[in-house]
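A closer look at the structure
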Amino acid sequence: MRGFRWPPPPDGGPRTWGPGPGAPRTGRPALPEPATELVITPHGVRLEQLVTGVGDPVTVFAHGLGNGIASTRPFGSGITGRKIFFQFRGHGRSDAPPGPWSYLDLARDLRAVADLSGATRAFGASLGAGALCRLLTESPERFERLVFFLPAALDRPRGQVARDRLTDLIDAVESGDASAVADVVSIELPPAVRNTPPGWAYLRQRLDQLLRDGLAAELASLSEQAPLGDRAELAAVTAPALVIACAGDDLHPVEVAEQLAAALPRATLHVYDRPGVLWSERADLRERLSGFLNG
């Protein structure tokens, strides 16, 4: 797929909307990302994290497969209190212990970060939503409020489209070829955003991070697994939950969000009418998240 050209045109910035930090209009690299730290977890895996905000409540943000801190930071823009963004094993500067890995391992990563920071609220996107579900089957009362954004799998593995996309991304990152990585990452962008200054700035930021930090090959097996054995295990979760989905998203079927909302006793489901809400519905999403988590 070649709906753009790489490297980006010289006017490929800045971005004034969409996820992540901006970039200057000269086409120079994106602004430096904020300094992160490595925290040592009780299970011995060092995880990269970024802490913003002050006070209570404390909310932990869990990212999607192949993403990281930069992709979850926009979700915290309207949230009060302290916010903990982290990278699962195999992402960014976090450790990549010998595999194979499972959703239980991801749940341990999420629990460790939440426990060390005293988080009482949790946000999980895609893979992070699956890890959060797995954590809740073992500790259903761990959090006071829960957000699941674009859940990708529940008690069945992800579809073939998602598996192929992840394999393509890992192979491209391992090749070290920026054009190959851009080919895969550009699919994340809504068609209307591609080949625009915001789109180029987003691509630049994603490529800078992926080519710098890489992705662990052990992540590939996660797309073939399901977070839960049975969604009925979530019946003991008492916290209010917000489940968000987008119609037409092949990687995150609305059906999965509907099943998750039905399995959680106190869940509210909201379905946007098209994908790419961080680009097209950012103000509404910000208000929806802040209204729920700040309540």
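The shown structure was predicted, so the numbers you read here are calculated from the model rather than taken from an experiment. (Residues numbered from 1 in each chain as written. Predicted model: local features only at pLDDT ≥ 70, side-chain atom pairs only at ≥ 80, totals over all residues. Heavy atoms only, no water.)

**Let's talk about helix 3 (residues 127-138)**
With twelve residues, helix 3 extends 18 Å between its outermost C-alpha atoms, agreeing within 8% with the 16 Å of an ideal straight helix rising 1.5 Å per residue. Of all twelve residues in helix 3, nine are buried; the element is thus mostly enclosed. Buried within helix 3 we find Leu 127, Gly 128, Ala 129, Gly 130, Ala 131, Leu 132, Cys 133, Leu 135 and Leu 136. Buried residues in helix 3 make contact with strand 3 (58-62), helix 2 (103-117), strand 5 (121-125), strand 6 (145-149) and helix 7 (254-263). (Helix = DSSP H or I, 4+ residues; strand = E, 2+ residues; numbered from the N terminus. Expected span 1.5 Å × (residues − 1). Buried < 20%, exposed > 50% of the residue type's maximum accessible area, 1.4 Å probe, protein only. Contact = heavy atoms within 4.5 Å.)

**Digging into the packing of aromatic side chains**
Under the criterion given, the structure shown has seven aromatic pairs. Ring geometry for Phe 61 versus Phe 85: centroids 4.7 Å apart, planes at 25 degrees, classification stacked. One end of the pair, Phe 61, is in strand 3; the other, Phe 85, is in strand 4 (residues 82-86), with 24 residues separating them in the sequence. Take Phe 61 and Phe 85: they sit in the same class, and that class is buried. Each residue in the set Phe 61, Phe 75, Phe 85, Phe 123 and Phe 149 is aromatic and connected to the rest through ring pairs, giving one cluster. Directly above the aromatic system of Phe 143 lies the positively charged group of Arg 142, at a separation of 4.6 Å from the ring centroid. If you follow Arg 145 out to its NZ or CZ, it ends over the ring of Phe 292, 5.0 Å from the centre. (Phe/Tyr/Trp six-rings, centres within 6.5 Å; stacked < 30°, edge-to-face > 60°. Lys NZ or Arg CZ within 6 Å of the ring centre and 35° of its normal.)

**Some remarks on the environment of Glu 188**
Within the element layout of this structure, Glu 188 appears in the loop between helix 5 (178-185) and helix 6 (197-213). The exposure class assigned to Glu 188 is partly exposed, which follows from its relative accessible area of 30%. In the structure, Glu 188 is positioned 87 residues away from Pro 275 in sequence and 9.8 Å away in space, judged by C-alpha atoms. Discounting chain neighbours no more than four positions away, the residues touching Glu 188 are Asn 67, Tyr 202 and Arg 206. Side-chain polar atoms of Glu 188 contact the side chain of Tyr 202, separated by 2.6 Å. Polar side-chain contacts of Glu 188 include one of 2.7 Å to the side chain of Arg 206. (Polar contact = N/O pair within 3.5 Å; in protein donor to acceptor, adjacent residues only side chain to side chain.)

**Some details on the sheet that holds strand 4**
If you trace the eight strands from one edge of the open sheet to the other, you get 1-2-4-3-5-6-7-8, paired in mixed fashion. With partners counted over all chains shown, the strands left at the sheet margins are strand 1 (37-40) and strand 8 (267-272), one partner each. On average, adjacent strands in this sheet sit at an angle of 25 degrees to one another, irrespective of strand direction. Across the face of the sheet, helix 2 comes into contact with strand 1, strand 2 (46-52), strand 3 and strand 4 while running at roughly 150 degrees to strand 4. This element, helix 7, spans strand 6, strand 7 (241-246) and strand 8 of the sheet and lies at about 165 degrees to strand 7. (Pairing = 2+ DSSP bridges. Axes fitted to C-alpha atoms, helices over the stretch in contact; angles between N-to-C directions.)

**Re unusual backbone geometry**
Asp 56 connects to Pro 57 through a cis peptide bond whose omega is 0 degrees. Within the fold, Pro 57 resides in the loop between strand 2 and strand 3. With omega at 0 degrees, the peptide bond leading from Gly 99 into Pro 100 counts as cis. Residue placement: Pro 100 occurs in the loop between strand 4 and helix 2. Look at Leu 150: it is not a glycine, yet its phi comes out positive at around 55 degrees. Assignment of secondary structure puts Leu 150 in the loop between strand 6 and helix 4 (160-175).

**Notes on the environment of Ala 239**
Relative to the helices and strands, Ala 239 resides in the loop between helix 6 and strand 7. Classification of Ala 239 as buried rests on a relative accessible area of 6%. Each C-alpha atom of the pair Ala 239 and Glu 141 lies 7.0 Å from the other, and the pair is 98 residues apart in sequence. Each residue touching Ala 239, except ones within four places of it in the same chain, is listed here: Phe 143, Glu 144, Arg 145, Leu 146 and Arg 266.

**Brief notes about the layout of surface pockets**
The volume enclosed by the largest pocket comes to roughly 1,100 Å³. Residue lining of the largest pocket: 41 residues in total, with Leu 150, Glu 188, Asp 249, Leu 251 and His 252 positioned closest to the centre. Looking at the lining of the largest pocket residue by residue, the class counts come to 24 nonpolar, nine polar and eight charged. (1 Å grid on protein atoms, 1.4 Å probe; cavity = no way out; pocket = protein on both sides within 12 Å on 5 of 7 lines; lining within 4 Å. Points joined across faces, edges and corners; volume = space filled by probe spheres on them. Nonpolar A, V, L, I, M, F, W, Y, C, P; charged D, E, K, R; others polar.)

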